[in-house]
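A look at the structure
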Amino acid sequence: MQETLQALQGLQQIDRHIFTVQAEQRRLPEELAERTAKMEEQETKLQDMRTRVHEVRSEAKEIEDLTAGMRQRLRKLETESNKGKVDAALLMSYQHEMRKLKRNISQAEDEALKKIDVGDAGEVGITAAEGQLELAKTVFEEFEVNVATELEEANARFDELQTERNKLSADGIETNHLELYRRLLEIREGEALAELLDGHCQACFVQIPKNIGVRLARGTEMVQCPSCDRIFYQY
Ligand SMILES: [Zn+2]
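Residues numbered from 1 in each chain as written. Predicted model: local features only at pLDDT ≥ 70, side-chain atom pairs only at ≥ 80, totals over all residues.

**Some details on the overall build of the protein**
When its secondary structure is counted, the protein shows 4 helices and 3 strands. Compactness check: the protein gives a C-alpha radius of gyration of 39 Å against a globular reference of 18 Å for 235 residues, more than 25% above the reference. The C-alpha extent of the protein, read off along each of the three principal axes, is 125 × 40 × 25 Å. Burial analysis of the protein (235 residues in total) assigns 10% to the buried set. Sequence separation of 24 or more characterises 74% of the internal contacts of the protein that already satisfy a separation of 6 or more. (Helix = DSSP H or I, 4+ residues; strand = E, 2+ residues; numbered from the N terminus. Rg over C-alpha atoms; globule rule 2.2 N^0.38 Å. Buried ≥ 20, exposed ≤ 12 C-beta atoms within 10 Å, placed from the backbone. Contact = placed C-beta atoms within 7 Å.)

**Looking at unusual backbone geometry**
Here the phi dihedral of Asp198 falls at roughly 50°; this positive angle occurs in a residue that is not glycine. By the element assignment, Asp198 lies in the loop between strand E1 (193-197) and strand E2 (200-201). A positive phi angle is found at Asp229, which is not glycine, with a value near 75°. Looking at the element boundaries, Asp229 is found in the loop between helix H4 (210-218) and strand E3 (231-233). Judged by local crowding, Asp229 falls into the partly exposed class, with 17 C-beta atoms found within 10 Å.

**Considerations on the sheet that holds E2**
One open sheet accounts for 3 strands, arranged E2-E1-E3; its pairing is mixed. The two strands at the open ends of the sheet, each matched to only one other strand, are E2 and E3. With 2 bridges connecting them, E1 and E2 associate as antiparallel partners. Looking across to E2, one finds that Leu196 is bridged to Cys201. (Pairing = 2+ DSSP bridges.)

**Considering helix H3 (residues 175-187)**
Working note: α-helix, 3.6 residues per turn, so residues spaced by three or four point in the same direction. Taking 1.5 Å of rise per residue, 13 residues should cover 18 Å, and H3 covers 18 Å from first to last C-alpha, within 8% of that figure. Trailing H3 by a residue or two, Glu189 shows a phi angle of about 50°, which is positive. (Expected span 1.5 Å × (residues − 1).)

This is how it looks when you write it as structure tokens:
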């Protein structure tokens, strides 16, 4: 069993690094995708802001057009009333309509002004958002270049480690032991082995019952940590 443990320790030396590099190879594209999504979200938000401002401006324009029509009608009624040839009943109806028109024009003007204010405020917001997006784009482009470089480095390192790893023979390690080791590498983030020292697992630091230490010292079987499952070795 001592030989198996030594061989596994040799593998572990490199597998630890391979695991780290693989994590890097996964993390970098994920981070890039996340940042890309955020950038797109920001762009969409800006586009929405532009749409809203455009909408509110057209609404204001519509109201202004409507007001212009009402003003025209009001002027016509004023002219008619001032001619002096209108009978009393018609004059009263004109006056009634003129009062109504004035009220409506005033309301419409208020409403249009409010919309223009909203549009102006939106425009300020758009300018700020455009500035932010521009800045974010610069940062993102830098990040993108860095990710590409880092990924290239990670890939090169991975190839190097893989070559090194291929030189190490796993011959002489029983298949079931090798499988257990590989499984633990995966689930224990690149650390499949643990030293048992002073009655404690040096990976998870749990206190280990004495009989387990005795079994390990006997050297006839593979002994795992009862807490983290890692394969024990000791010097
Ligand atoms: Zn443990």
